[in-house]
Amino acid sequence: MDLAARWTRPARVRAGGIVAGFGVPVAILVAVLAGVVAAAVVLAAVAGVAWWRTRGFGPAWVVRRLDARHAAVEDSADLLFADPATLGPLERLQLARVSARIDGAAGDLTDPWPVRAIAATWIAAAAAVVAVLLWPAPREERLAPSDEGVARVAGVPALTGQRLRVVPPGYTGLPARNLTTLDARVPVGSRLEWVLAFEPAPRAATIAFLDGRRVALAPGARWRGGMTVQRSGLYRVAPAGAPAGRLHRLDAVADQPPKVAVIAPRRTLSLAGAGQRAWTVAFEARDDYGVAGGARLIVTTASGEGEQVTFRERTLTLGGSGAATRRRFAATLDLAAMGLSGAGDLIAQLVVRDGAGHVVRSPSLILRRKPPQSDLGTGLDAGVRTAMPAYLRSQRQVIIDIEALLRARRGLTPAQFVERAGRIGDDQSALRRRYGDFLGGETEGASDAMPTSDAEAGTEQHSADDGHDHGPTGTPLVLGRAEDVLNEYGHAHDEGEASTLFDPATHAKLTAAVDQMWQSEGALRSGEPARALPFANRALVLIKQVQQATRVFLAKVGSDLPPIDATRRMTGKRDDIAPAALALPARTADEAAAARAWAVVDGVGRIDGAALDRLPSRDPLALAAARDAVRRDPACEACRATLRGLVWQALARPPAGAMRRAQGSAAGRRYLDAIGVAR
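Residues numbered from 1 in each chain as written. Predicted model: local features only at pLDDT ≥ 70, side-chain atom pairs only at ≥ 80, totals over all residues. Heavy atoms only, no water.

Trainee: How would you explain the sheet that holds strand β4 (residues 184-187) if you had to name every residue and give the values?
Mentor: Adjacent strands of a sheet form backbone hydrogen bonds with each other and so pair up, either parallel or antiparallel. If you walk across this open sheet you meet the five strands as β4-β10-β9-β6-β7, and the pairing is mixed. Every interior strand has two partners, whereas the edge strands, β4 and β7 (214-216), have only one. The mean angle between the axes of side-by-side strands here comes to 25°, regardless of whether they run parallel or antiparallel. Across five bridges, strand β6 (residues 205-209) lies against strand β9 (residues 233-239) in antiparallel orientation. Looking across to β9, one finds that Phe209 is bridged to Tyr235. Lying over the sheet, helix α13 (residues 620-632) contacts β9 and β10 (248-253), oriented at roughly 35° with respect to β9. (Pairing = 2+ DSSP bridges. Helix = DSSP H or I, 4+ residues; strand = E, 2+ residues; numbered from the N terminus. Axes fitted to C-alpha atoms, helices over the stretch in contact; angles between N-to-C directions. Contact = heavy atoms within 4.5 Å.)

Trainee: Before we move on, could you go through the sheet that holds strand β16 (residues 326-334) and cite the residues and values that matter?
Mentor: Across the sheet, which stays open at both edges, the three strands sit in the order β11-β13-β16 with antiparallel pairing between neighbours. On the outer flanks of this sheet lie β11 (259-264) and β16, each paired with one strand and no other. Adjacent strand axes in the sheet meet at a mean angle of 25°, parallel and antiparallel pairs treated alike. Pairing of β11 with strand β13 (residues 278-286) involves five bridges; the strand directions are antiparallel. Its bridge partner lying in β13, Ala264 is registered against Ala282.

Trainee: Now, about the nonpolar core: what can you tell me, with residues and values included?
Mentor: Within the largest apolar cluster, 24 residues are counted, with the highest numbers of intra-cluster contacts made by Trp279, Leu297, Leu346, Leu350 and Val352. Those elements that provide at least two residues to this core are β13, β14 (294-303), β16, β17 (344-353) and β19 (365-369). Those residues in contact with Val352 that sit more than four places away from it in its chain are Pro258, Val260, Ala285, Val291, Ala295, Phe329, His358, Val359 and Val360. Grouped together as the second largest cluster of nonpolar side chains are 23 residues, Val166, Ala184, Leu192 and Ala205 included. (Core = buried A, V, L, I, M, F, W, Y, C linked by side-chain atoms within 4.5 Å. Buried < 20%, exposed > 50% of the residue type's maximum accessible area, 1.4 Å probe, protein only.)

Trainee: Account for the packing of aromatic side chains, naming residues and giving values.
Mentor: Across all of its chains, the model carries four aromatic pairs by this definition. Arranged with centres 5.7 Å apart and planes meeting at 90°, the rings of Phe198 and Trp223 form a pair that is edge-to-face. Within this pair, whereas Phe198 is found in strand β5 (residues 191-199), its partner Trp223 is found in strand β8 (residues 223-228), the two being separated by 25 residues in sequence. Here the aromatic rings of Phe209 and Tyr235 are separated by 5.3 Å at their centres, their planes lie at 40°, and the arrangement is tilted. Within this pair, whereas Phe209 is found in strand β6, its partner Tyr235 is found in strand β9, the two being separated by 26 residues in sequence. (Phe/Tyr/Trp six-rings, centres within 6.5 Å; stacked < 30°, edge-to-face > 60°.)

Coordinates in, geometry out; function isn't part of it.
What follows is the structure, encoded as structure tokens:
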């Protein structure tokens, strides 16, 4: 081992020196930047690296170095460390030759010193240390002066500087900002960071909220503390050993959900036109801070009729355009691809989301495709129709439609002209049947009897269970009573009070009007609206005559007032006049609490906190702040005026009443005194 130590000891010393040459300047730089503790950690790391490097120096390292650096060893350096007893004659001869050569030739086997690298490291570290020492110290941002409004007292901690940093939540997209005041209005979820300065420094300081929340401030040259805002509140800066400062208001504004408006189509329900293949829908979404760039369009297809209606829902992803606070979403739907090939509905609804997680759905838009109309063309008035008239047209409207059809005749094909004339004939038929009900008519036109019926043609058959009332049976009839005459000679299908009997002249005019409607209907169904127009006009004239004949005119009658007793005039006697005593409405609990609170703040006395706590206020935070200001300084007139204003807003407005009569002139007052009327 002594032979190996000849080369390993210098190698270990040099390896440790090289590590120290690189590590010591780094430790000095760390000491300047981060302190002595950090430098000690770096030196410990350097020592560990040096120890690890020295572990690799042993006999094996010596053998490798000798074989690599000295050719005279003839790759037999391992014989130097072998046991002579285990060597053969030739090996002992080679060992002697190697030993003789090493004694004269082998020197230092260690690596050379990296002088340039070590020197560069020391120079760089020295330059960094000089730069750090000469670099100007960062100046602390100046704080805004305090607005606590508390008088300074020697030896009592007082707030001298303040800054409030607001970091809004990520969904708002707003940058952080610094406020010079401690009052703030921030979105819910914002991070607040207080930076305060006290003179002299207190033992401890906190941010104390009125609802019991506390935020401890970390001591230092600048006292710091922070919290995440979830609800509004009032707070004050509370240094230990100092009087309470004024209250500061913190309003947490909740994010509102987006609002979605429909741009196209303008109507919620649209009817698909003939040959329409696509449908375009457009929406606009607005939000305070921004709507997500993508939205979902839920498309529901309802197809079929009756109990065979089927529904199919699809979800499409739409990309918005425009600013984040006002995005527009549009899509063009292929009706065939959506499954609306026949009659049915296509319903579209947009679903948007904002950064806060609110999900809002737009109003549903419906595209309806009606089934084709079917007209059997039979004599039955109750023909099968898939679309019934929406309302009963008036006779004047029928005339207007006929005239419009005649003006548009040149632009229509013969088939279209006949079809529109037939639709007007349907309206005329419905109106004719309506007026026929006033005449007690059952049906007009073709008979509804089945071909196998044995009843006499044109004879109306009735039974006890035909679904309508035939009037009471077994009741004696009274001669001359209108209801009995109608029940005997007519057929009332309604209540007796609702049935109408016209005088013969009026009945004849109404019958003639229905006959004119019949003629007009026949011409319209034949596709001859020009021939139907005179009959329709004549029917309107007759209807107006019937309306004039059935009107009742009443003579205007004036009020009949009792005569005036002239003997009591100008006497001032009020004997028989009963005074009308108006009862005052009782106060509600809220009004009573507001009245007591007003009585408390209407003077310069002590503020009753219990009465103000029960006061219903639209702004409880402002009321609490004003009450606290008056409590801290009872002589502050401005604070008391603010509190009175808030209490006055909470008072219920009195109901409107009659104004007091004016006192009158001097002559009027003398007259009232003469007749003994108290003023």
